[in-house]
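These are the residues of each chain, in order.
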Amino acid sequence: MASQDVVVVGAGPAGLAAALGAAEAGARVAVLAGGVGTTHLAAGTVDVLGYWPPGAADPVKRPREIVARLVEEAPGHPYALVGVAGVEEALNAFGRAVAAQGLAYEGSLDANQMLPTPAGALKPTCLVPRAMAAGAAVAEGRTLIAGFAGTQDFYPGFVAANLRAQGLDAGHVWLDVAAVRARRPQTAVVLASLLDDPAVLNEVIRAVRPHASGVDRIGLPAVLGFRRHPEVVVRLEEAVGVPVFEVPTLPPSVPGFRLFEALRRHLAARRVRITIGAEVVQAFADGDRLVAVGTATASRVQRHPAAAFVLATGGILGGGIVTRPDGSVAEVALGLPVSAPAAREGWLRPQLMHPDGHPIYRAGVRVDGRLRPVTGEGQVVYGNVYAAGAVLAGTDLWREKSHEGVSLATGYRAGRAAAGKSVEPGSGEGSRADLPTGRGGHG
Amino acid sequence: MADVEATLDACIKCNICTSYCPPAQVTGAFPGPKYAGPQAQRFRSPREPSPDASVDYCNGCRVCNLVCPAGVKIAELNARARASLFRDRGGVPLRERLLGRAELLGRLARPVAPVANLLLHNAASRWAAEVLLGIDRRAPLPRFANRTFREWFSRRGGRAREAAGARFTTGRRKVAYFHGCAANYYEPHVGRAALAVLERNGVEVIVPEQVCCGLPMLSNGDFDPARACFQTNLRHLAPVVEAGYDIVGTSTSCTLTLKAEARELLGDDSEAARLVGEHTYDVCEYLMAMHEAGELDTGFEPLELRVAYHPPCQLNAHRIGHPATELMAIIPGLEVEESGAACCGIAGTYGLKKEKYAVGMAVGRPLFDFVKDSGATVAACDSETCRWQITHATGVRCLHPIELLARAYGLADGQA
Amino acid sequence: MRRISADVLVIGGGATGTGVARDAAMRGLWTVLLERRDLNHGTTGRNHGLLHSGGRYAVKDPVSARECIEENRILRRIMPHCIEDTGGLFVVTSSDDPAYGDRFKAACDACGIPCEEITPAGALRREPRLDPRLRRAFSVPDGAADPFVATLATAESARAHGARIYRYHEVTRVVLRGGRVSGVVARDLVNDEEVLVEAAITVNAAGAWAGRIAALAGCEVKIVPAKGVMVALNHRLVNTVVNRCKPPGDGDILVPVGQVCVIGTTSYEVPDPENYGIEAWEVALLLDEGEKLVPGFKAARALRAWAGVRPLYSGEATAGGATREVSRTFTLLDHETRDGVAGLLTITGGKWTTFRQMAQVTVDAVCQKLGVARPCRTHLEPLPGSERRDYHRVGAPLRAVEGGRQAELVCECELVTRDQVETAIDAGAVTLDDVRRSTRLGMGPCQAGFCGYRAAGLLHERRQPAVQEANLALRDFLQERWKGLLPVLWGRQLRQARLDELIYLGIMNAERLDTGGRKSPLTDFYLQQAESSAHGVEQPLTGGGGQERHG
């Protein structure tokens, strides 16, 4: 492969943010990923920090304040490395990118919004896709939760009952839409594409409309169109006369697919090549510099040289970190040192939903203030490798509800750093005086 | 080489594959790759008849393998399940056996190509083929060339030849050209273009003895003859590789089969298979590698053309990126727009079958729209059946990228 | 207090208890069965899924071996749908003594167990994944069994003959009247009320808990609770039951059952049949032993581990937990002759394969005491569900949903449809684990990752309970799955568990669903079992990662 300025390994939220950061800094970027990332599985919201400490009973109300506090309280947390300014910078860049592709997100670091989940709990989240935004108002007025009869992935009665149990005014209805009932297979993406069809959408409208009077908003499973999503939501809202909002579903996540597609389009327009199905299996190093990564092909290893690299392969779920029965924990793509509990006995707790979470899920790569992986002694492993997202040690993304925030903030920062935009640890954008790496050879 | 069945253990049931699966997006007949692959596999036993027939609606495009975050060899699980299904039903159906034998058809038809084309491409015989064999009367079938690639090559002298004006000396790189069935019987001009481009770059090209790569049989569940083909090819090709030649092909399906697919599906872990696999290249992959080594003559003449390029599924399964896109980008004046569509729907012979023709056309819809909307006068694609499908559905002429490269070198094909 | 009366009261809803209830009911006795949890909740539901040919016991325990082969033939006849006719192999691996094969063959012949030596090549043709270095192989009529379905079918038959079966009724007191057991007092755990059950004869079929029931009547029955650990792998690596041809030991049997294969077992005495852990070394040992049979075994994905507690009966105490030395045959204790307590019988020992014979012997004794002269017919009358008179097939669930029913799946891994889940809910499931036992919900690779939510949603939809109950059902079920996951969480199964966390924590925030402080009869049990198996992490950690190391 032709040499790049920056090769990003991984195409989840951190990898895409890294590509965005590097591309915005003017670098030639290629993204290599073994498969698609957790963007496709998670809710499609941007969760920055929902609970701190992770087991706290009450949600974080103002993420800006708590992230700032966390910089002091938890120096090993990825947020401590990028600071509030770094988080904000990344969220802004993200917001601009997806908005440019017609996928608007609402919200800011100043306030979390409480969104109904498919179980009927409320989850604190920071940036919300436009199509979920009306869900943040469930505390006021009456909400109707609607599901599709004949499908297995969404239970409106369960959602509404849990909303009521929290003192909210909510009801539910099952919509019997023949086209939905008949569609097979019934994964969310397939149903969302089905709703792109105006005839099917009309059927849905006919089914919802009778239930719209007397309610202030209607929540539906997040299958409101795929390619024609914004149009579908507008049509639906016009037809039923009240705001409509999506509630996330079991994976895979349609809002996650839309998010990935928007970022992919945005990056493609900036000549970022994203190759899915290119798993990095080898590292070619020259002393303390990584020269190239090798991907598995049908028969040989293919080299991808670059001036700098961002590792965004994910954690245990994304496949960036592997765990073995002998208690060893490894970083897969580059074989970097990993920080993990000392033995398998220390990995997990007897209670699945223990508020403090399972220590193994905090395992990962430790980095210096510029997001470069370090050894146990704090030595930088490669001067031109940066790590971002769930592959980083020191955070349990699902318990904190910080998955996208950590991924975007560290990813964007790592991308910029890899492209030669140096930044001070824990700060917003710094000067360019301290270049960690040279720029790529090809212009 | 990974044990195909063992990869089912990697599945975490996330259904990302189902969400990307082209057939699952358009038909309920296929329950999706996760369902038919790693999930159903747990319910299949070599001691019992196949419990599910719906796996036959997998078109083998391998998009599932590509997007799977866990590395499950889903398409291969499905291909094997199809083979078992046919075995349990008392053998591979006549249609599937026929469609798997592109080479035999080519051999039979070649001496009487004009007659064969007439027979194959008239309404009455297409009607008969649909009724008797279940081959859809609308589906795109190729035409036999009057002269095969091998015949042309042997008339040319049957030996490697140094091209006039080649910058590099012969012998520096040595290639054994795998033409496969398509370039031999249907599109010899693709083979001639490949030869011309390689020779223009000083590559010594020979055309080794070879038979069908076996993929049409593999994807039609007909494993035994496919194994025989693969063994024959290994017998011919392994010594060629040992003699210092790389195998280069113009059909992404043939090269994929030689690289990995036959080994995985047939469970062949022989040294010869490994050797041939590791030395097989798609022609654009090979040229791109030359380019990266600074060995490619980039003295292209401008081609004022707008091309809608579709990287076929078979190419994606190579996992080598899109070398044709990068090569075409070097040609001055050539404007290449790459399709983001997943699959053209033909999937080798899938889209020819009566009950699957509509599925194939629906799968290809986004691609056909892309080609039509692109305003391109020419489409390009590395895989022959996809080219035929694209032209069939859009009316736009579709070339192999190597033909564009040959043209940009000014290597007009004197041989119509 | 609610009062129930009967001729025969059976305590215990496992294979033996339901077997006794069926037999008694078929002989026209007015029968009541009490189970303190769900049917199959005890050892029957934690078993190896092995229909013994008797080969395993032929050398050391010929009485058991003969019982096994006799019952093997009967069960194949009366419940073929609960059995997969896998056949069995006894293989002498490269680490075993080839001479043992001769002893084994001779012992099988002596016990009437059909046994045929086949060539190593023949064994490899049959099971290509076996270690090619195997030295000898013998073919026997072992099979794979589904004890869940078998017990439910037995219970259904018992009910059809008039038996009344009460689940979640825990015996708290045995009523003694003039040296005679006249019944028991039980607590209905669901409705939280006491029930008095009066019966002419009480049969103690409480398995590993039989000692406790006997103690309530003032009798001492020394049960050796012998824990056996098993590990299920994600898919079948063999399609034949494969035994090591050597003296019985740990991890010497690999059973392909349903969609998984199960390696087992260990055999160690535990002090409490209710509270035992699965130790890391036990799992490691089983995987090591599996590797000797099937190279690559350890690299395959382990789904889950569990342990059953065998109710081994020993007249006197065994030394040093050497539970393999205790006979696997069964024992019927008549407490009238043994302890001077009339009206109480204890049936114990044995194994799943011989449960029907255990029931027959027990009910023969009951009939004798009641002066009833009706012969046993349980070996003649097939169980409900066996109408097709065909063995179970691995592919059957897949075949059943072919042609469009895929969209009705609640549990995709095990192909459980919405109908099946709703039927189980309507049949009075108290926990989602009860639904699992009758449907296989949540038993596949994702371990309720996807279907837990769906089942909770359906439970809420069908029953319309206070939503806190549905929330509790969900949380209980996930914790129940977690306890069996803990011992095998690494690699791909840990990755799966992390996806399940993304679903329940990342997407749903389900850890904050209100359960209103409720507990089900099993909430504490699930947690306690997990605690016994989790060895490290006791101290709550916040923020940091605890002890860390770099590698």
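Keep in mind the model is a prediction, meaning the values are calculated, not measured.

Novice: What am I meant to see in the interface of chain A and chain C here?
Specialist: How big an interface is tends to be stated in terms of the accessible area lost upon association of its parts. Every contact between the two is made by 74 residues of chain A and, on the other side, 65 residues of chain C. Both faces combined, the contact of chain A with chain C buries some 6200 Å², and carbon together with sulfur accounts for 60% of it. Three residues, A:Phe158, A:Pro350 and A:Met353, lead the burial of chain A against chain C; their summed loss comes to 12% of the area buried on that side. At the boundary of chain A with chain C, the tally comes to 4 salt bridges.

Novice: Even after reading the chapter, I still don't get the packing of aromatic side chains, so can you show me in this structure?
Specialist: The geometry of an aromatic ring pair is captured by the separation of the ring centres together with the interplanar angle, meaning the angle of the planes. Using the criterion set out here, one finds 19 aromatic pairs over all chains in the structure. Here the aromatic rings of A:Phe257 and B:Tyr20 are separated by 5.1 Å at their centres, their planes lie at 35 degrees, and the arrangement is tilted. One end of the pair, A:Phe257, is in helix H9 (residues 254-269); the other, B:Tyr20, is in helix H1 (residues 16-20), on a second chain. Of the two residues examined, A:Phe257 and B:Tyr20, each falls in the buried class. Ring geometry for B:Tyr186 versus B:Trp388: centroids 5.6 Å apart, planes at 85 degrees, classification edge-to-face.

Novice: For this particular structure, what's the right way to read the pattern of salt bridges?
Specialist: In a structure, side chains of opposite charge can pair up when their charged atoms sit close to one another. Taken as a whole and judged by the stated rule, the model has 101 salt bridges over all chains. Between B:Glu355 and B:Lys356 there is a salt bridge, and its shortest N-O distance comes to 3.0 Å.

Novice: Can you walk me through the environment of C:Met1 in this structure?
Specialist: As for its placement among the helices and strands, C:Met1 is situated in the segment before strand S1 (2-11). In contact with C:Met1, not counting residues within four places along its chain, are C:Val185, C:Glu194, C:Val195 and C:Leu196.

Novice: How do you make sense of the packing of helix H2 (residues 62-78) of chain C against helix H9 (residues 355-370) of chain C when you look at a structure like this?
Specialist: Geometrically, a packed helix pair is captured by the angle between its two axes and the distance between the axes. Residues and elements named next belong to chain C. Running from N to C, H2 and H9 point in directions that differ by 100 degrees, and their axes come no closer than 8 Å. In this view, H2 runs roughly perpendicular relative to H9, as classed from their interaxial angle. Side by side, H2 and H9 meet where Glu67, Glu70, Glu71, Ile74, Leu75 and Ile78 of the first sit next to Phe355, Arg356 and Gln357 of the second. For the contact of H2 with H9, the class distribution of residues is 4 nonpolar, 1 polar and 4 charged.

Novice: Is there a simple way to think about the interface of chain A and chain B in this case?
Specialist: Of the residues lining the interface, 30 residues belong to chain A; the matching set on chain B comes to 33 residues. Buried surface at the junction of chain A and chain B, summed over both partners, amounts to about 2300 Å²; 54% is from carbon and sulfur atoms. The interface formed by chain A and chain B includes 1 salt bridge. Across the pair A:Arg300 and B:Glu285 runs a salt bridge whose closest N-O atoms are separated by 2.8 Å. Inspection of the region where chain A meets chain B yields 11 residue pairs in polar contact (both at pLDDT 80 or more). Secondary-structure elements contributing two or more residues to the side of chain A that touches chain B are helix H6 (188-195), H9 and strand S11 (273-276) of chain A. Tallied by class, residues from the side of chain A that touches chain B come to 15 nonpolar, 10 polar and 5 charged.

Novice: Would you mind showing me how to read the sheet that holds strand S9 (residues 217-221) of chain A here?
Specialist: Picture the strands of a sheet paired through backbone hydrogen bonds; they go either parallel or antiparallel. Residues and elements named next belong to chain A. Reading across the sheet, the 4 strands line up as S8-S7-S9-S10 and stay open at both edges, with parallel pairing between neighbours. Where the open sheet ends on each side, the last strands, each with one partner, are strand S8 (169-175) and strand S10 (244-247). Averaged over all neighbouring strand pairs, the angle between strand axes comes to 30 degrees, with direction disregarded. Relative to S9, strand S7 (residues 142-148) runs parallel, the two sharing 3 bridges. When the sheet's bridge partners are listed, leucine 144 is paired in S9 with isoleucine 218. Where helix H4 (residues 156-165) meets the sheet, its contacts fall on S7 and S8, and the angle it forms with S8 comes to roughly 175 degrees.

Novice: Help me understand H9(C) in this model?
Specialist: Within an α-helix, residues lying three or four positions from one another point in the same direction, as the helix has 3.6 residues per turn. Residues and elements named next belong to chain C. A rise of 1.5 Å per residue sets the reference length of H9, with its 16 residues, at 22 Å; its end C-alpha atoms lie 22 Å apart and thus fit the reference within 8%. Every buried residue of H9 is listed here: Phe355, Arg356, Gln357, Met358, Ala359, Gln360, Thr362, Val363, Ala365, Val366 and Cys367. Looking one or two residues beyond H9, the residue adopting positive phi is glycine 371, at roughly 70 degrees.

Novice: Looking at this model, I keep getting lost on the domain arrangement of chain C. Mind explaining?
Specialist: All names here are of chain C. Partitioning chain C into domains gives domain 1 (81-145 + 225-312) and domain 2 (396-532). The distance between the C-alpha centroids of domain 1 and domain 2 comes to 29 Å. On the domain 2 side, the residues contacting the 17 residues of domain 1 number 21 residues. Each partner contributes to the roughly 1600 Å² buried at the junction of domain 1 and domain 2, and carbon and sulfur atoms together form 44% of this total. The tally of links from domain 1 across to domain 2 stands at 1 salt bridge. Across the pair glutamate 480 and arginine 304 runs a salt bridge whose closest N-O atoms are separated by 3.4 Å. For the side of domain 1 that touches domain 2, the secondary structure elements donating two or more residues are helix H7 (280-293) and strand S18 (302-313). Tallying contributions element by element places S18 first for the side of domain 1 that touches domain 2, with 4 residues. Tallied by class, residues from the side of domain 1 that touches domain 2 come to 10 nonpolar, 4 polar and 3 charged.

Calculation criteria
- Sequence positions are assigned chain by chain, starting from 1 and proceeding in written order.
- To read the labels, note that chains go from A and ligands from 1, taken in the order they are written.
- Only residues with pLDDT of at least 70 are given local features in this predicted model, and only at 80 or more are side-chain atom pairs given and counted; all residues enter the totals for whole chains, interfaces and linings.
- The basis for every side-chain value is the complete set of heavy atoms in the structure, and neither hydrogens nor water enter the calculation.
- Working rule for contacts: check all heavy atoms of both residues, and any pair within 4.5 Å makes them a contact.
- When two components associate, each loses some accessible surface as probed by a 1.4 Å sphere; the sum of these losses over both components is called the buried area.
- Definition used for salt bridges: Asp or Glu carboxyl oxygen within 4 Å of a side-chain nitrogen of Lys or Arg.
- A pair of Phe, Tyr and Trp rings is counted when the ring centres sit within 6.5 Å of each other, with Trp represented by its six-membered ring. The angle between the planes then sorts it: under 30 degrees is stacked, over 60 is edge-to-face, the rest tilted.
- Numbering of helices and strands starts at the N terminus; helices are DSSP runs of H or I of at least 4 residues and strands are runs of E of at least 2.
- Burial here depends on accessible area, computed with a 1.4 Å probe over protein chains only, as a share of the maximum for the residue type. Under 20% is buried, over 50% is exposed, and the range in between is partly exposed.
- Interaxial angle, 0 to 180 degrees, is taken between N-to-C directions of lines fitted to C-alpha atoms, where a helix line uses only the stretch in contact.
- The scheme is simple: roughly parallel for angles under 35 degrees, roughly antiparallel for over 145, roughly perpendicular for 65 to 115, oblique for anything else.
- Any residue that is not Ala, Val, Leu, Ile, Met, Phe, Trp, Tyr, Cys, Pro, Asp, Glu, Lys or Arg is counted as polar, Gly included; the first ten are nonpolar and the last four charged.
- Whenever a nitrogen or oxygen atom comes within 3.5 Å of another N or O atom, the pair is scored as a polar contact, on the condition that within protein one atom can donate a hydrogen and the other can accept it, and that pairs from neighbouring residues in sequence are kept only if both atoms are in side chains.
- Paired strands are those between which DSSP finds at least two bridges.
- An expected span of 1.5 Å times one less than the residue number is assigned to each helix.
- Start and end points for every domain follow an automatic or database-based domain assignment.

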